[in-house]
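# Coordinates in review
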Amino acid sequence: MWDEKDQMKDRIIHLPGEQWKGTVVPIGYTTETYYDVNMHKVSDGYDITIHKRKFDVPVTHCPEVYDFPDKLYREHWEKAFAWGSSKRRMVNRI
């Protein structure tokens, strides 16, 4: 449960790459909508339409399904710098 007073006790800290490289960032979400994108070539470029659509049932994406793709300090992130919040020896990564 979100507690604003408790949240104020958190400290923002740097997460050095030497220690945190490869750490999983467990990003998951559930959505009821998606964007339907259609693109057609026209004489002077492209015609693009985007429509927000609703799924028949909500769709959940979770990192386990994709072998935990979100990790800190990935090789393709040039000059990466990670921060997290620290409270009672627990670190939340951002």
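The model shown is predicted, which means the values in this text are computed figures rather than measured ones.

## A look at the pattern of salt bridges
As enumerated under the stated definition, the model contains three salt bridges in all. The partner of K21 in a salt bridge is E75, with the nearest N and O atoms 2.3 Å apart. Placement of K21 in the loop between α2 (17–20) and β2 (29–42) and of E75 in the loop between β3 (45–61) and β4 (82–87) is noted, with a sequence separation of 54 residues between them. Overall, K21 belongs to the partly exposed group, its relative accessible area being 48%. The salt bridge involving R53 is made with D36; its shortest N-O contact spans 3.4 Å.

## So, the pairing of β2
Here 13 bridges tie β2 to β3, and the two strands are oriented antiparallel to one another. Bridge pairing links K41 to Y46 in β3. Hairpin geometry of β2 and β3 is characterised by an intervening segment of two residues between the two adjacent antiparallel strands.

## Looking at the environment of R53
The residue R53 is located in strand β3 in this model. When its relative accessible area of 36% is taken as the criterion, R53 is described as partly exposed. Between the C-alpha atoms of R53 and D36, which are 17 residues apart in sequence, the distance is 6.6 Å.

Rules used in this analysis
Residues numbered from 1 in each chain as written. Predicted model: local features only at pLDDT ≥ 70, side-chain atom pairs only at ≥ 80, totals over all residues. Heavy atoms only, no water. Salt bridge = Lys/Arg side-chain N within 4 Å of Asp/Glu carboxyl O. Helix = DSSP H or I, 4+ residues; strand = E, 2+ residues; numbered from the N terminus. Buried < 20%, exposed > 50% of the residue type's maximum accessible area, 1.4 Å probe, protein only. Pairing = 2+ DSSP bridges.

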